[in-house]
Every structure is written in structure tokens, then in C-alpha cells.
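Structural overview
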Amino acid sequence: MNQSLYVFAHRGEAQSFLKQRSFKAVPFAFEGLYKDSVDWLLICGEGHLQASQKLSAVLAVYGAEISRVLNLGVCGSLRSEIEIDSLVEIRTCYLENDGAMEFKSFSTEALTELPKHDLITTYQRVLKSDYAERLENFAQLVDREAWGLASVCQLFHQPFTALKMVSDFAGQGTEICVAVKEKAEFWSEQLFELVISISTKDDAKEFHDFQIPSELSHFHWTVSQKRELKNAIEAISRKHLDWNFVISTLNLSELILEKTRPKEKSSAILEKLWGLINPFHTKIHQSLENELSVLNTGNIKTKYDKTLESDELHLQAVIQHPRHLEQLKKSLDAFDFTKYQKILYGNIDV
Amino acid sequence: MFNRVFVEEECLNSPQVIQLRERFNSLEIKQIDRIDHYFGRVKKPYLQKRDGLNLYIGQKRGELIKLAPPAYGLSGEPHFYYVHAYNCLYECEYCYLQGHFDSPDLVWFINHEEVIKAMSDKLIEFPQEKVWFHAGEFSDSLALSHLTGELPLYHDFFKNHPQALWELRTKSVNIKEVLKLTPLPNMYISFSLSPQKESKEIDLLTPRTLHRLKAMQELVDQGFKIAIHLDPIIHSDDFIEKYQELITQMKEHFALEKVAYLSLGVVRFTKDVYHQVQRNYPDSRMHAQEFVKGLDGKVRYPRPMRLWMLQKIKQLCLDQGMIEGQIYLCME
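A short tour of the structure in this document, coming up. Remember, predicted model here, so these are calculated numbers, not experimental data.

Turning to the overall build of chain B, a few remarks are in order. Broken down by element type, chain B carries 10 helices and 18 strands. The C-alpha radius of gyration of chain B comes to 20 Å, within 12% of the 20 Å expected for a compact globule of 332 residues. Taking all 332 residues of chain B together, the buried fraction comes to 61%. The contacts in chain B between residues at least 6 apart in sequence include a share of 75% that link residues at least 24 apart. Roughly 13700 Å² of accessible area belongs to chain B as shown, and the carbon and sulfur atoms make up 50% of that amount. Each charge class in chain B can be summarised by its mean position, and for the 41 positive and 44 negative side chains these summaries are 2 Å apart.

Right, here's the structure in full:
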């Protein structure tokens, strides 16, 4: 399942998608949601509030079926060097909210080789030059929806990308609606071609998704263990550990014969992998446990600060018989706190 | 170099702006009312410094000098740092500036006379003591000093106030402006050093270690006092050998007794900075380190490992003839 949700503010911007693909209206709380056999399409309306409301509703209901959100449409240019009718990819979205700048910004997931620019989503249409001039201190492009959509995507943990066609120079008094009517078909066609080119690349990306290595594939992995295994394998790769060496230290042929539950076998593998990834950590804990072994008898339990930032050692003893007290005394006599403390201060052979 | 330069109105005719106009005549300079109306008002991703770096020039408002945290410098004397700039041209993967200002844009403050006045006031507060003033907490103190031009002003102050100790922290080899000054007994130029391979991999865009050592050599030859920060030390299987080589290289460039002090520190992060490092450098070997997250949210090596690493490097320095009094452990 790798379904995209294309979000447009206006129907005119989406017209090529609606014409050239077989999107069908989905009965929903509001009009404007479509689906074909592969992807979803939403007409969210103008303005970041309306856009975020509608996208939130769609992701709340259908989020599990959607793997990324693409905002497609037109935007205004705030800088003369950005050409009209050029396609751009948005790098970071900012928000101007009724005169005030919103601190939070959202970076997008790059999908194309298009020029990357920053975009500011505004509370109202930018018709005056002084308004445009103020905005261009923060970004090169302006629209009305992207920031709202990006914020919803972050909330729902959905990758977000915005691909825009530059329609006009903002702040020059022209009503964008007039231009949209005249050129909407051309712009929509350009966006459609662009999305086709991205879809082709996606297929290749999916090939690289995580696969459990063949040596470990006959063990049982829960979803969270699989995620941990993926992290461990990435860490092994970053440490440049030799995979054959790693596998040889796991003693898999013995492990598989052990009479433990399948999940416990996978846990044992993970523990050994992390031991290889973090040898110093393992060594410290082994050394501490070794020192504490004289205390860790039947009726005494020890607990130390797992972050190792404090020297504190907690003892818990249960005394039900005089011999327990004798045992406790003997154990305390045998325990060398200074030696234990030295390990915490880094006196350790590595 | 800069995408745009934003200048506060009263700084438009400052020497820094005039010089920038002369050197970079195509530079777009835009007048603004106050830096803080723009800088940091929105969260700008750190890596946009690569192709969308802006410069802000204006007045530093609020606290002009700040008390340094404990274990910041040699113990026993009060330490302050003064803020003449925000952010840096370099791109060290561990840099805490990634999570500090919410913008990688550079800021130059040019009201140095007011900073110097604040230093004078501080000396009155501590009449019987040596007082340290460090530059380079939020920016490299020398990298752009040929453009920012403030060193002579501070030099005059420290020349006339021998009880004030001046440290310029840097990774740069841009020592031209320092060499125009006369050495002072209370002036220290301190360099952060890492083994050559580490520096190349992790201190992106910084001058190579050997070039830094050459700059230090030149300063020593001209009578300036130098200091060293072996910080951050990053663990690898052969880190002891790498530091052994670095200390040997140091010795080849200048006598180690010429090093006024040497600090040792291991790599550490606040939770937010570590999150930024993960985001900005997902493939960095930094993520293969044995870090733990403490209850205070700091991400660093477990204490026994930190202390073990620091002891090992300290011993290497002692073995090469440095003395205990020259060495201190930073932030431990």
C-alpha cells in the first residue's frame, strides 16, 4: 500500500488529474474527496484554516490507507528572480497569521530535482506591495494553504511535499482568480506531468524497504522487534562491523534448539547485537554486575543508577531468620565499594 | 557568501556595512528596524545555511556579557563570555548551535563600546580577582574577524586592564587581524583541535587540523599566548592512537609548555541538539556512538566511559611533558 493524497485548493488546479485519471467522488462529511484505484485527491478550499480542517478529517478517517500527502497548486512569487510559470518544490513552510509571524515552520520531504524555495502561507490574499515586501523577508513564495496542510501532516506523521506552479508576482494588485481561470488548464497539466514522473521513481524506492536478513528470517519477529532489528542493523552498518562476524557471534544454530519461546529467541539475538554495537556499555555493566555478585545472593537485591551518573547503590534485604542476617553481614564484608566506585569513574580495562 | 544582508537603520553607515558594500558590491542590503523582528521569529532549518544564509547587522540588546557555566574554563576565577555574534560559517556535526537559535543566519552585533563598558563594570564588581572574558561562545571569534573588525577595540581595553583575561576561541586559521595587534600577557587565542581524520569527517568546512597547528605556530612565534581545547573527543576503536598522533603533531609545531592551558571534553548534547543532529546528519558516525540519555535529558557517553576517555587523553598529554596545572576537564 503506497497511496498518495493529492491536495489542491481549487478544482481548476486539479482539473488534469480529474480528467486524465478515474477519480470518483467519495461520500464523506463534505464534498471534494476523490479516490481512484491508486491514490486519493482532496479539494481543500482556500485558506490554511479550511485546508487544515479538511485534511485533518480525511487523515483521521483514511490516514491508514495514505502514505504521503502532496500539496499541488499555484503560488505567488515574492522575488523577481523566480520566473512565472515555473515549477518549484517547497523547502520550508512558514505562516503569517493576521500580521504576526508564527514561529513554527515545517520542512517538507524532497521528492524532485526542482528548484527548492521557501514559502509563506498567509492569512489573506497578498494584493498590496507593502504586504508582499514584508513577507519576502521570510520566504520567496506565498500561498494560502501549505503551512496548514504541513502542520496536519506532522500531527498525523504523514510525509508532506508541496509542488507548486508559480502563477504571478504577489502584491501587484492582480486578482489571481482571473489568472487561474485563464491558465488553470496549462498549470494543472504541468503539475500532472510532474506527478507522473515522481510515481515512476517511487517504485524503485520501495525495493529498498527493510527485509529481515536471510540468516535471521526463520526466527519469529514481532513488529516492535522487527523495528529494533532494523535499527540494530543500521547501527551495525554505521559502525562498519563485518556482517559475517556479527552472525558468527550469535550462535544461531544453538539458539534455535533452545527450549524458549520464539519471541525470547529473537530478544536474545537483539541483546547480542546491541552488545556488539555498544561494547563499552556492555563491559561496564558486566563489570558492575561482577562486583555486585557478592551481594546478589538469595535474600539481597541490589539496584544501581542505570544512567551511571550517580554512585548510589540501593540494597534491599529480606531477613526472616538469623542466618539471613549472618549472610547479609558476610556479603557486606566481602563487598568492596571503592572498587565498585572506581568502575563508575572509568577505571576499567577495555 | 550571503544571500542577503539585513541591517538595522542606525547601523547602515557603520564601518562593517561600508566594508561589506565595498567588498561585495552585488550584495543585496536591506534596511530593517530591529534584528529581533526578523531573526529567530520563524524556525529556519539549520542546513539552509548551505544555500540560503542571511546576515543581520545591528545592536546587541539585553545582557551583553553572560556568566559562563561551571567547569567552563580554568577553575578559581570568574568566567564570562561576551556576545558579539550569533552563528558560524562552519558546519560541525555536533555543534550545539544547531538547536540554539532556531536559525542558522549570521548576526553581527556592532555596539562593542557597550560590551566593553559592561566588562569594565564587571571588573569593578570583582576588584581583587582576575576575570575571564571569552569570545566565541555563539560564533567563531576569528573566522570573519577581517570583516567584523572589532578586535582592536577589545585589544585596547585588555591592554589597559591587565586584571581582565581575554580568550578568543576559534577553529579558524584567519589570524591576520590578530597578527596586526601586539601580544598581551592577558590575551589567549585558543584553538579547538581534533585528530585530522575526525576533523575532516565531522568538522565540515573548517580548516584542517594541520593548518590550525601552523596558525598556532605562527602565533607562538610572534609572541602570542595560545591554548587548546581537545573538545569534543569522539570515541572510536583507535581514538587513543589518533590523539597520540595529534599530540605529537602539536609538539612538532610548538613546545607544549607554550600552551597556557588545555581543556579536555567529550562530545555531549542536549536532547534538542541531538534531535537536530539526527535530522541534519542521519548518516553521521556520531549515531554509532554509545550514547545514553540521562535523566537531565543530556545525551552523552555513560559516565565511566567519559571519565575513562578523558583519563586516557590526559595521560597522553602528561606523557608528552605537559603538567597537571595546564590541563582541565571541561564540563565535568
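Relative to the assigned elements, B:S194 resides in the loop between β11 (187-192) and α6 (196-202). Setting aside its immediate chain neighbours within four residues, B:S194 contacts B:S199, B:D203, B:T209, B:Y243 and B:L246.

With that out of the way, let us pick up the sheet that holds strand β15 (residues 268-269) of chain B. Strand pairing in a sheet is mediated by backbone hydrogen bonds. Such pairs are either parallel or antiparallel. Residues and elements named next belong to chain B. Reading across the sheet, the three strands line up as β15-β17-β16 and stay open at both edges, with antiparallel pairing between neighbours. With partners counted over all chains shown, the strands left at the sheet margins are β15 and β16 (292-293), one partner each. The pairing of β15 with strand β17 (residues 299-300) spans two bridges and is classified as antiparallel. When the sheet's bridge partners are listed, F269 is paired in β17 with V299.

Glancing now at the nonpolar core. Formed by 118 residues in total, the largest nonpolar core has its most connected members in B:Y82, B:F133, B:L230, B:M250, B:F254, B:L262 and B:F269. Broken down by element, the residue count for this core peaks at seven residues, all from helix α10 (residues 303-319) of chain B. A:F106, A:W147, A:A150 and A:C153 belong to the second largest nonpolar core, which has 33 residues in total.

In this section: the interface of chain B and chain A. Contacts between the two partners involve 36 residues from chain B, matched on the other side by 35 residues from chain A. It is B:E290, B:R303 and B:P304 that lose the most area in chain B upon contact with chain A, and together they represent 22% of the buried surface on that side. Connecting chain B to chain A are six salt bridges. A salt bridge links A:E309 to B:R300; its shortest N-O distance comes to 3.2 Å. Elements with a contribution of two residues or more to the side of chain B that touches chain A: β1 (4-8), β16 and α10 of chain B. Broken down by element, the side of chain B that touches chain A gets its largest block of residues, seven residues, from α10(B). For the side of chain B that touches chain A, the residue count by class is 14 nonpolar, eight polar and 14 charged.

Let us look at the packing of helix α10 (residues 279-292) of chain A against helix α12 (residues 337-344) of chain A. Residues and elements named next belong to chain A. Between α10 and α12, the least distance of the axes is 10 Å, while the angle of their chain directions is 175°. Between α10 and α12, the interaxial angle falls into the category roughly antiparallel. Along its contact with α10, which presents I284, S287, L288, E291 and L292, the element α12 presents K339, Y340, I343 and L344.

Rules used in this analysis
Residues numbered from 1 in each chain as written. Chains lettered and ligands numbered in written order. Predicted model: local features only at pLDDT ≥ 70, side-chain atom pairs only at ≥ 80, totals over all residues. Heavy atoms only, no water. Helix = DSSP H or I, 4+ residues; strand = E, 2+ residues; numbered from the N terminus. Rg over C-alpha atoms; globule rule 2.2 N^0.38 Å. Buried < 20%, exposed > 50% of the residue type's maximum accessible area, 1.4 Å probe, protein only. Contact = heavy atoms within 4.5 Å. Areas by Shrake-Rupley, 256 points an atom, 1.4 Å probe, with all protein chains shown as cover. Lys, Arg positive; Asp, Glu negative; His and termini not counted. Charge placed at Lys NZ, Arg CZ, Asp CG, Glu CD. Pairing = 2+ DSSP bridges. Core = buried A, V, L, I, M, F, W, Y, C linked by side-chain atoms within 4.5 Å. Buried area = accessible area lost by both parts, 1.4 Å probe. Salt bridge = Lys/Arg side-chain N within 4 Å of Asp/Glu carboxyl O. Nonpolar A, V, L, I, M, F, W, Y, C, P; charged D, E, K, R; others polar. Axes fitted to C-alpha atoms, helices over the stretch in contact; angles between N-to-C directions. Parallel < 35°, antiparallel > 145°, perpendicular 65-115°, else oblique.

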